[in-house]
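Structural characterization, general
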Amino acid sequence: MKQVKNTAIGIQQRSYISRLPFYYGWVILIAGAVGVLASIPGQTMGVSVFTDHLITSLQLSRVGISSAYMVGTLGSSLIISYAGVLFDRYGARPLAAVAVVFLSLFLLLLVFSSNISALLSSTGIPSPIAAFMVVGFGFFGIRFFGQGVLTLVSRGMVAKWFSTHRGLATGLMGLTTSFGFSYAPQPLQHLVSQFGWRSALGILSALLMFLFLPFILTFFRSDPESCGLEMEQGLAKPKQNRSGHSEDAHVELDLKDAKKHAAYWVIILSLGYWSLFNTAFTFHIVSIYGEFGIDASQAVKIFLPISVISVISRFLGSYLSDRIAIKYIYIVYGLSLIIASISMMMLHTTTGTVLVIIGYGIGTGLFGMLNIVTWPKLYGRKHLGAVSGFAMSVIVAGSAIGPWAFSMVYRFTHSYQGTGLIGLVISSFLMLAILFIPFSTEQNK
């Protein structure tokens, strides 16, 4: 019965998508980019704008709000891999639609978090515990459905629609998403200044429910086969692909087999570490620069030059991923982790500012494109949801631990500079692993 239903849906989609005068993958590319941008309220750069307001409203300490963020995000990481399995089974459109609805609802929960916390306190629960429970649950929701499901589906959908042109598609997608992610705190800060933080969250919730949900239902499609199309139908194969570097894995590997490769663990740990470090930096950006007497409106301006470097590095990395072995891109990515770590030890200097822009810009740009092109290139498309979903669980876990770890360093040292030294040690070990462990793409060629 399920096969008959899927066949009927495929025929219906084929009736207009297959007759379009262009490859529908380009529509998917735009839709995926919009999908990733729509996840911003559940991403750290979105949450960071509201962090201090939640601290004041719920009367929590910085360590308290960071701990709630960690608990909520860790909870998300424990189940995000199952979302990848659901993506393989049910496709992009239904899963993305559900994610948007719940992301919208959890944003509303944060709007009324202080009211809900007061209501729980009236039942006898101590106020700090009630506040922690409410905001932790809210963080779980926006992280799971925003950072987790919506991002995984949007990126995975684009990856499934492209093969030899995936690098180009990822680069074009990055022109929007890299700049959008890095620049997002500024317009969000303006929204808060104009309407207040609660109204700002309410506006974001309404935009998701009434604008983006219809967009998903109209344009999201899982893969070309479900629409009666062949992969990259009508697109010319780039001449550079004769080298074989840009081809997908010749052997489709499921999650169990992928875990047997040392390179898989090196990749997900390096991506997870960047998620930890970058999330912590973004989450505490106001406090980090406040250490040097710089206010919030000035602190978030660092994201503009970072976004410029991020866009450039993502596009170049995506372009090269169609032409060279992906391991070389990971080497540059590893260097960016080291540079970002060093910058944290000298933020108060001009050199530190330059290193922040370079390290975080390149790291953010390459992180975004590698999280799309790596999985089909090394492990194939058949089990893309499960393979990338497990990786996403590690990435989400990293983003959970990061803000808490930074807050603990600050609590005991009264400075964030120690995070740079710790980061330098970790990123150096990751760099050595990237250099000396063979990547699966070399084994599958």
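Going by the structure above, here's the rest.
This write-up is about the structure you can find in this document.

What counts, and at which threshold
- Residues numbered from 1 in each chain as written.
- Predicted model: local features only at pLDDT ≥ 70, side-chain atom pairs only at ≥ 80, totals over all residues.
- Heavy atoms only, no water.
- Core = buried A, V, L, I, M, F, W, Y, C linked by side-chain atoms within 4.5 Å.
- Buried < 20%, exposed > 50% of the residue type's maximum accessible area, 1.4 Å probe, protein only.
- Helix = DSSP H or I, 4+ residues; strand = E, 2+ residues; numbered from the N terminus.
- Contact = heavy atoms within 4.5 Å.
- Patch = residues over 30% accessible without salt bridge, like charges linked within 9 Å, V, L, I, M, F, W, Y side chains within 5 Å.
- Areas by Shrake-Rupley, 256 points an atom, 1.4 Å probe, with all protein chains shown as cover.
- Salt bridge = Lys/Arg side-chain N within 4 Å of Asp/Glu carboxyl O.
- Lys, Arg positive; Asp, Glu negative; His and termini not counted.
- Phe/Tyr/Trp six-rings, centres within 6.5 Å; stacked < 30°, edge-to-face > 60°.

1. Here's the deal with the nonpolar core
- If you look at the biggest cluster of nonpolar residues, it comprises 126 residues, and the most contacted ones within it are Tyr264 and Trp375.
- Here this core gets 15 residues from one element, more than from any other, and that element is helix 7 (residues 127–161).
- Aside from chain neighbours lying at most four places away, what touches tryptophan 375 is Tyr264, Ile267, Ile268, Leu271, Gly380, Leu384, Val387, Ser388 and Ala391.

2. Section: a nonpolar patch on the surface
- Together, Leu421, Ile422, Val425, Ile426, Phe429, Leu432, Leu435 and Phe436 make up a nonpolar patch on the protein surface, roughly 810 Å² of accessible area in all.
- Topologically, phenylalanine 429 is positioned in helix 19 (residues 418–436).

3. A word on unusual backbone geometry
- At glutamine 59, a position not held by glycine, the phi torsion is positive, near 55 degrees.
- Following the sequence through the fold, glutamine 59 ends up in the loop between helix 3 (44–58) and helix 4 (62–90).
- Glutamine 59 sits in the exposed class, given a relative accessible area of 72%.
- The phi dihedral of glutamate 232 is positive, around 55 degrees, even though this residue is not glycine.
- Among the structural elements, glutamate 232 can be located in the loop between helix 10 (197–219) and helix 11 (255–258).

4. Focus on the side chain of arginine 155
- Checked against the element boundaries, arginine 155 lands in helix 7.
- This buried residue, arginine 155, is left without a salt bridge; aspartate 88 holds the nearest opposite charge, at 15 Å.
- Beyond its immediate stretch of four places on either side in the chain, arginine 155 contacts Val36, Met173, Phe367, Gly368, Asn371 and Ile372.

5. What to know about the packing of aromatic side chains
- Tallied over the full model, the rule gives 28 aromatic pairs.
- On the numbers, 5.9 Å between centres and 70 degrees between planes, the contact of tyrosine 264 with tryptophan 375 is edge-to-face. Residue tyrosine 264 is located in helix 12 (residues 262–283), and its partner tryptophan 375 is located in helix 17 (residues 350–379); the two are separated by 111 residues in the primary sequence. Tryptophan 375 shares its class with tyrosine 264; the two are buried.
- On the basis of an interplanar angle of 25 degrees and a centroid distance of 4.2 Å, the ring pair of phenylalanine 281 and tyrosine 360 is categorised as stacked. Of this pair, phenylalanine 281 sits in helix 12 while tyrosine 360 sits in helix 17, and the two are 79 residues apart along the sequence.

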